[in-house]
Amino acid sequence: MLRLICSRVRCRSWKEDRDVNMNRIVVKKELAAKIKLIEFENPDVASKAKPGQFVVIQMGDKGERFPLTIGGIDPDKGVVRVIFNEVGKSSRRLGALGEGEEIGNVAGPLGNPTEIERFGTVLCFGGGVMTGPMAYEVAAFKKAGNRVVTVIGARNKELLILKDEMNALSDKLYISTDDGSEGYKGLDFLRDIFEGEKVDRVIGMSVATATLRTLCELTRPYGVKTIVSLSAIMLDGTGMCGVCRVLVGGQTKFTCVDGPEFDGHLVDWDLLESRKRIYSHEERVSALLDEHVGKDCASRFQQARK
Ligand SMILES: Cc1cc2nc3c(=O)[nH]c(=O)nc-3n(C[C@H](O)[C@H](O)[C@H](O)COP(=O)(O)OP(=O)(O)OC[C@H]3O[C@@H](n4cnc5c(N)ncnc54)[C@H](O)[C@@H]3O)c2cc1C
Ligand code: FES
């Protein structure tokens, strides 16, 4: 809460007393349909953040809080990068902001950083929009002296993002699409990689729980430690509300303070999947109201209830 309050204050002490608007967007790009990259000023987050951590964003004082993984930082400029998919009310509102406008509230960095060490060969998997923050991790694993094999995936070739950036950062880049429109179709080809070379660590990021689950099932027979970033529903992001509860190795963990990265071979995926769906009705209603309020709102509300 303190951070939320702090992030509203104009920072005048940073970098030669320059007048920095907290959370002002300095770069905005559309990477693919509904996938946006935003860089915003927040010297506090930019000076502390590490790969794997996230921020919680609130659009307006009454908006819901929603987490986005940090996709990179520029501590010298005090800038933080996020890459996000416009899926509902809050992410659409964020995506509607332009350069020069300010994001309401930003709390962070939250969660634990990724364990970055010299493991040997690290396979980094970035699914869909999470290819964005995975680029930050790939750079960090590379800097730590690892050989980095990167796999980026998307539903189809139009939704693949940051191909050139990932190619430049990685020792080897594989592309996979669900429909086979570019690269390999699906993830089964990963078996060939594990058969062909020793992989010392796998790290996976995707908001699609099913994709991470598949990744973990593929790596399990090879005994490769597979760390995955879980996108459980979050509220405060500080361990107080309990909404982000998951079961890992039979123990209750809070994704925001104990994670968000966990050993994927120990995650109770059924529980995670069912908990992610608990607010799906409310989310649909909220998105419809936001889109159509003032229009034929009532009938659409009824439609969403069915
Ligand atoms: C630790 C973490 C990091 C994430 N990083 C990214 C990222 O870098 N880029 C990105 O595009 N998405 C990321 N997500 C998912 C992102 O938070 C949701 O897409 C966002 O909350 C959707 O909100 P909405 O109002 O636009 O959509 P809604 O219509 O409210 O929800 C759409 C879907 O988003 C998820 N969601 C909704 N509210 C929350 C919430 N409070 N917490 C978590 N998930 C929620 C649910 O699966 C839901 O079905 C992350 C989630 C977590 C937990
Ligand atoms: S989001 Fe509230 S405990 Fe994790």
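A brief structural summary. (Residues numbered from 1 in each chain as written. Chains lettered and ligands numbered in written order. Predicted model: local features only at pLDDT ≥ 70, side-chain atom pairs only at ≥ 80, totals over all residues. Heavy atoms only, no water.)

### A look at the overall build of the chain
Thought 1: When helices and strands are counted, the chain shows 11 helices and 15 strands.
Thought 2: For the chain, with 306 residues in total, the buried portion stands at 50%. (Helix = DSSP H or I, 4+ residues; strand = E, 2+ residues; numbered from the N terminus. Buried < 20%, exposed > 50% of the residue type's maximum accessible area, 1.4 Å probe, protein only.)

### Topic: the pattern of salt bridges
Thought 1: Summed over the entire model, instances satisfying the criterion amount to 14 salt bridges.
Thought 2: For K36, the salt bridge identified is with E86, shortest N-O distance 2.5 Å. With K36 in strand 2 (residues 35–41) and E86 in the loop between strand 5 (79–85) and helix 3 (89–96), the pair connects residues that are 50 residues apart, well separated along the chain. A single burial state applies to K36 and to E86, both of which are buried. (Salt bridge = Lys/Arg side-chain N within 4 Å of Asp/Glu carboxyl O.)

### Quick look at the layout of surface pockets
Thought 1: Considered as a void within the structure, the second largest pocket measures approximately 350 Å³ in volume.
Thought 2: Along the walls of the second largest pocket sit 18 residues, with G71, G72, I73, Y136 and A139 positioned nearest its centre.
Thought 3: Looking at the lining of the second largest pocket, the elements that each hand over two or more residues are strand 4 (65–74), strand 5, helix 4 (131–143) and helix 5 (163–169).
Thought 4: Tallying contributions element by element places helix 4 first for the lining of the second largest pocket, with 5 residues.
Thought 5: Considering only residue class, the lining of the second largest pocket consists of 10 nonpolar, 2 polar and 6 charged.
Thought 6: Shared between two domains, the lining of the second largest pocket takes at least three residues from each, and those domains are domain 1 (21–110) and domain 2 (121–276). (1 Å grid on protein atoms, 1.4 Å probe; cavity = no way out; pocket = protein on both sides within 12 Å on 5 of 7 lines; lining within 4 Å. Points joined across faces, edges and corners; volume = space filled by probe spheres on them. Nonpolar A, V, L, I, M, F, W, Y, C, P; charged D, E, K, R; others polar. Domains from an automatic or database assignment.)

### A word on the nonpolar core
Thought 1: In this structure, L123, L190, L230 and W269 are the most contacted members of the largest nonpolar core, which totals 33 residues.
Thought 2: Of all the secondary structure elements, the ones that give two or more residues to this core are strand 3 (54–58), strand 6 (105–110), strand 7 (121–127), strand 8 (147–154), helix 6 (190–196), helix 7 (209–219), strand 13 (245–248) and helix 9 (269–276).
Thought 3: Considering each element in turn, this core owes the most residues, 4 residues, to helix 7.
Thought 4: A domain-level breakdown of this core finds at least three residues from each of domain 1 (21–110) and domain 2 (121–276).
Thought 5: Among residues more than four places away in sequence, those in contact with L230 are V246, T255, P260, F262, V267, W269 and L272.
Thought 6: Counting residues in hydrophobic clusters, the runner-up holds 26 residues, among them F119, V129, M130 and A154. (Core = buried A, V, L, I, M, F, W, Y, C linked by side-chain atoms within 4.5 Å. Contact = heavy atoms within 4.5 Å.)

### Examining the environment of D61
Thought 1: With respect to the helices and strands, D61 occurs in the loop between strand 3 and strand 4.
Thought 2: Residue D61 is classed as exposed on the basis of its relative accessible area of 58%.
Thought 3: Separated by 43 residues in the primary sequence, D61 and G104 place their C-alpha atoms 7.3 Å from one another.

### Quick notes on the sheet that holds strand 15 (residues 261–263)
Thought 1: With mixed pairing, 7 strands are arranged side by side in an open sheet as 10-9-8-7-11-12-15. Looking at which strands have only one partner, the edges of the open sheet turn out to be strand 10 (184–185) and strand 15.
Thought 2: Here 7 bridges tie strand 7 to strand 8, and the two strands are oriented parallel to one another. From the neighbouring strand, F125 faces strand 8, where its bridge partner is V151.
Thought 3: Packing of helix 4 onto the sheet brings it into contact with strand 7, strand 8, strand 11 (201–205) and strand 15, and relative to strand 7 it is tilted by some 165°.
Thought 4: Its contacts with the sheet put helix 7 on strand 7, strand 11 and strand 12 (226–229), and the angle it makes with strand 12 is roughly 175°. (Pairing = 2+ DSSP bridges. Axes fitted to C-alpha atoms, helices over the stretch in contact; angles between N-to-C directions.)

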